[in-house]
Amino acid sequence: MPRIKKKGQAGAAKNYVTRNQAIRKLQISLPDFRKLCIWKGIYPREPRSKKKVSKSSTASTTFYFTKDIQYLLHEPLLQKFRDQKVLEKKISRALGRGDVTDAARLEGNASRPEKTGKPRYTLDHVIRERYPTFVDSLRDLDDCLSMLFLFANLPSTSMVPAKMIARCERLVHEFQHYLIVTKSVTKSFLSIKGIYYQANILGEDVLWLVPYRFNQRVVGDVDFRIMGTFIEFYMTLLGFVNFRLYTTLGLKYPPKFDQTKDENAAELGAFTLEGMSLVGAEEHKQLEDATHKPDPKVQAAVNKVLKKLKTTDADEESTDNQVDGEEQDTGAIDKFEPAAPGGDVLPQPSTAGNSPGAMFSDFTFYLSRETPRQSLEFLLKAFGCKRVGWDAVLGDGAFTTNELDPAITHQIVDRPPIQVATEEDADGEDNQTSQKLPANMRVPGRTYIQPQWVWDSANDGELKEAHLYAPGASLPPHLSPFVKQVQGAYDPTISLEEQQPEDEALEAQSDDEDLAVKDIDETVEGMDVDDSEGGEDDDEKDDEFGGFSEDEQEEDEDEDTAEQRQEELEAELTGASVNSKTKSSKAKAKEEALKALTKKARDEAEDLDRAKGMLSKKKRKLYEQMVYTNTKKSTEDQKLRAKRRRFEKEKAKGKGKA
């Protein structure tokens, strides 16, 4: 007789456990269970049938794999959590007895990462388990960097301690220094959410988001306990990644940190990199730039071989000439000498030359007060600039704080030229948005640009024209470098005439003409109103002009109506449409073009219907789905083109009025 199977001991019920069952099995609290699942990468699972999996009468909502919970039983962090739970009981017992001294002593031994920013336990073994190779950690670095940059900009609260914020800020600055040294940043984009950066690190593209430096308001509907758990894990991960990246370059980790400069808002300037690679960087660069000369020993051996070849060739040629009776050739072998010195030397690629990473290496930048100093400083240094200055109000660590320094080649401003009040009219206050120079005066020989010039130049890999980004100028569109253009889709870099279909162009042209006629009619009506308000002088002028008599006007109207009636009668007999005489040749040409396009579209639709009838049912459905997707995309592109058309019309009207 076979063994009787009991409910809940086989199949799906055995493969899944509820959250309460997992907590009871692990003997930890719910917050500790959440932490453990986040750190170990264990997530809830959705079974196919909750009714079969649930062992109780009430339907459970959260399930986990049984093998995942079994895997957590051997986690060393469980013992840490249990010890913490025992310590919490001792503290509560001491407070219940009224022994405050003993409770304070035990409180000092407790782990309070939400208050101190540094827990008693470590997550090193978790990082090694989740990322067996270093490339795996780089692939999971985008969320890590976005979270750490976010917490580095948050204000300190009871849930987000100041020590945690300081550690996040220090880790991200160390990572930025690595990107600056290696020139790994490839693209950046200014969006509504923040600033996107992309870097190529050891062949892996990493994309992260940095929020703008606004005053962050901490709201109550965000669970900072869950976010703090992720931050603990990400801080450990980025610490491992920074250590590995620095050691591969031969740099000392952690870099030297100056607390005084950091308190003066130096940020990147508070770190000093140390290592053998930085010491020998100039020597390495000189070796790269130096002309490669051959080894003298090897050159001497080659010369001997060439000399032997010359003698043997000369003997053979002399014997041949004697036999054939020809003249003896005095030349030996061809030397293939270059026509110009250095003409046969191929240009070798150099990382320190004209690469995009050294785009700003020859310039000295000065950042005005109103510009975002942190993002501009990082992006300029990541693309080769080593001399960035700013006003002393923005913090310490600048190359120069003197705006009139003659070494400055480019000044980044984010305001139009304004008339600064003179010293007599000024009230003595320091206006931080005004220029220090006199009214509308600039330093000769210096290029003034807006911040977008830096981003557009970095994304395109070449220096953009500075006059397009002059202060007060209308900036070109800042397009995302992460969007790949698809053939046939809307492209904002191409004019509308090149990408809009014929029927859409004709409709837009007819709408423009209708609007123009409407504007003319409104103008004429306004002129009529002005004429009616002209007064007695206009009446006298009308009296002087005799005009047409009423009988003549009635006769003309009768002739027009008679001709129109005759045309309508003929149209009814023939079944044709009535054509108005007021239509111009251009309008008729447009109507004919629209008719031709409509007929062409109708013929193509009929051909497609006939072709679809030859397809199988499966292929017909696939084709219909493809047509639906393409139609949806074309509708979106049409909306974008219409929006751009309206913008260009408004822009043209504004220029006309000006």
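No experiment lies behind these values; they were computed from the predicted model shown.

Give a description of the overall build of the protein that names residues and reports values.
Assigned secondary structure in the protein consists of 25 helices and 11 strands. The buried share of the protein, reckoned over its 658 residues, is 29%. Contacts in the protein between residues far apart in sequence, at least 24 positions, make up 63% of those at least 6 positions apart. For the protein, the exposed area adds up to about 44900 Å²; of that, 52% sits on carbon and sulfur atoms.

Before we move on, can you summarise the sheet that holds strand S11 (residues 447-449) with the specific residues and values?
One open sheet holds the four strands; their spatial order is S9-S8-S10-S11, and the pairing between them is parallel. In the strand order of this sheet, the two ends are held by strand S9 (388-390) and S11, each with one partner. On average, adjacent strands in this sheet sit at an angle of 25° to one another, irrespective of strand direction. Packed onto the sheet, helix H18 (residues 373-382) meets strand S8 (365-367), S9 and strand S10 (410-412) and runs at close to 170° relative to S8.

Tell me about the side chain of Gln452, and please be specific about residues and values.
Mapped onto the elements of the fold, Gln452 is located in helix H19 (residues 452-460). Residue Gln452 is classed as buried on the basis of its relative accessible area of 11%. For Gln452, the contacting residues outside a window of four places in its chain are Tyr469, Leu475, Pro476, Pro477 and His478.

Hey, could you go over unusual backbone geometry for me, with residue numbers and the actual values?
Of the consecutive residues Tyr253 and Pro254, the connecting peptide bond is found in the cis state with omega at -5°. When you line up the elements, Pro254 lands in the loop between helix H13 (224-248) and strand S6 (256-257). If you check the backbone angles, Lys183 has positive phi at about 55° while not being a glycine. Looking at the element boundaries, Lys183 is found in the loop between helix H12 (162-182) and strand S3 (185-190). Looking at Lys183, the relative accessible area reads 34%, which means it is partly exposed.

Break down the sheet that holds S3 for me, with residues and values.
Pairing is antiparallel in the open sheet, where three strands are placed in the order S3-S4-S5. The open sheet is flanked by S3 and strand S5 (204-210), the only strands paired with a single partner. Averaged over all pairs of adjacent strands, the angle between their axes in this sheet comes to 15°, without regard to strand direction. Here S3 pairs with strand S4 (residues 195-201) via five bridges, running antiparallel. Of the residues in S4, the one forming a bridge with Phe189 is Tyr196. H19 contacts S3 and S4 of the sheet and is inclined by roughly 140° relative to S3.

Please provide a residue-by-residue account of the environment of Phe399, values included.
Tracing the sequence through the fold places Phe399 in the loop between S9 and S10. Looking at Phe399, the relative accessible area reads 43%, which means it is partly exposed. In sequence terms Phe399 and Phe365 are 34 residues apart; their C-alpha atoms lie 9.1 Å from each other. Setting aside anything within four residues of it in sequence, one finds Phe399 in contact with Thr364, Arg387, Val388 and Gly389.

Tell me about helix H3 (residues 30-40), residues and numbers included.
Note: α-helices contain 3.6 residues per turn, so residues at a spacing of three or four share the same orientation. Among the 11 residues that make up H3, eight are buried, leaving the element largely enclosed by the rest of the structure. Looking at H3, one finds that the buried residues are Asp32, Phe33, Lys35, Leu36, Cys37, Ile38, Trp39 and Lys40. Within two residues after H3, Gly41 carries a phi angle of roughly 75°, on the positive side.

Describe the packing of helix H2 (residues 19-26) against H3, naming the residues involved and giving the relevant values.
Packing of H2 against H3 leaves a shortest axis separation of 10 Å and a crossing angle of 95°. Between H2 and H3, the crossing angle belongs to the class labelled roughly perpendicular. Side by side, H2 and H3 meet where Arg19, Ala22, Ile23 and Leu26 of the first sit next to Leu30, Phe33 and Arg34 of the second. In the contact of H2 with H3, the residues fall into five nonpolar, no polar and two charged.

Please set out a negative patch on the surface residue by residue, giving values where relevant.
Negative charge collects at one region of the surface, where Asp603, Glu604, Glu606 and Asp609 lie side by side. Within the secondary structure layout, Asp609 lies in helix H24 (residues 585-613).

Got a sec to walk through the packing of helix H11 (residues 141-152) against H13? Specific residues and values, please.
One way to put it is that H11 packs onto H13 with a least axis distance of 9 Å and a crossing angle of 115°. The angle between the axes of H11 and H13 places the two elements in the roughly perpendicular class. Seen from above, H11 lies across H13 with left-handed handedness. For the pair formed by H11 and H13, the contact residues are Leu141, Asp143, Cys144, Leu145, Met147, Leu148, Leu150 and Phe151 on the first element and Phe224, Met227, Phe230, Ile231, Tyr234, Met235, Leu237, Leu238 and Val241 on the second. Per-class residue counts for the contact of H11 with H13 are 16 nonpolar, no polar and one charged.

So, the nonpolar core: which residues are in play, and what are the values?
Taken as a class, soluble globular proteins show a tendency for nonpolar side chains to be buried jointly. Residues Phe151, Trp208 and Phe360 are the most contacted members of the largest nonpolar core, which totals 87 residues. No other element matches H13, which puts 11 residues into this core. Dropping the residues within four chain positions of it, Phe151 is found in contact with Val160, Met164, Ile165, Cys168, Phe224, Met227 and Ile231.

Go over the confidence of the model for the protein with me, naming the residues and quoting the values.
Mean pLDDT over the protein stands at 77; residues scoring 70 or higher make up 67%. Note that residues 325-329 has pLDDT below 50 and, in this model, six contacts with residues that lie over four places away or in other chains.

Account for the pattern of salt bridges, with residues named and values stated.
It is possible for side chains of opposite charge to pair when their charged atoms get near one another. Enumeration according to the criterion identifies 16 salt bridges in this entry. Ionic pairing is found between Arg610 and Asp607, a salt bridge with its closest N-O pair at 2.1 Å. Linking Arg610 with Asp607, this pair stays in helix H24, spanning three residues, or about one helical turn. With a relative accessible area of 41%, Asp607 lands in the partly exposed category. One network of salt bridges, with partners in common, ties together Lys40, Glu75 and Glu129.

What counts as what
Residues numbered from 1 in each chain as written. Predicted model: local features only at pLDDT ≥ 70, side-chain atom pairs only at ≥ 80, totals over all residues. Heavy atoms only, no water. Helix = DSSP H or I, 4+ residues; strand = E, 2+ residues; numbered from the N terminus. Buried < 20%, exposed > 50% of the residue type's maximum accessible area, 1.4 Å probe, protein only. Contact = heavy atoms within 4.5 Å. Areas by Shrake-Rupley, 256 points an atom, 1.4 Å probe, with all protein chains shown as cover. Pairing = 2+ DSSP bridges. Axes fitted to C-alpha atoms, helices over the stretch in contact; angles between N-to-C directions. Parallel < 35°, antiparallel > 145°, perpendicular 65-115°, else oblique. Nonpolar A, V, L, I, M, F, W, Y, C, P; charged D, E, K, R; others polar. Patch = residues over 30% accessible without salt bridge, like charges linked within 9 Å, V, L, I, M, F, W, Y side chains within 5 Å. Salt bridge = Lys/Arg side-chain N within 4 Å of Asp/Glu carboxyl O. Lys, Arg positive; Asp, Glu negative; His and termini not counted. Charge placed at Lys NZ, Arg CZ, Asp CG, Glu CD. Left-handed = near helix turned anticlockwise from the far one by under 90°. Core = buried A, V, L, I, M, F, W, Y, C linked by side-chain atoms within 4.5 Å. pLDDT = per-residue confidence, 0-100.

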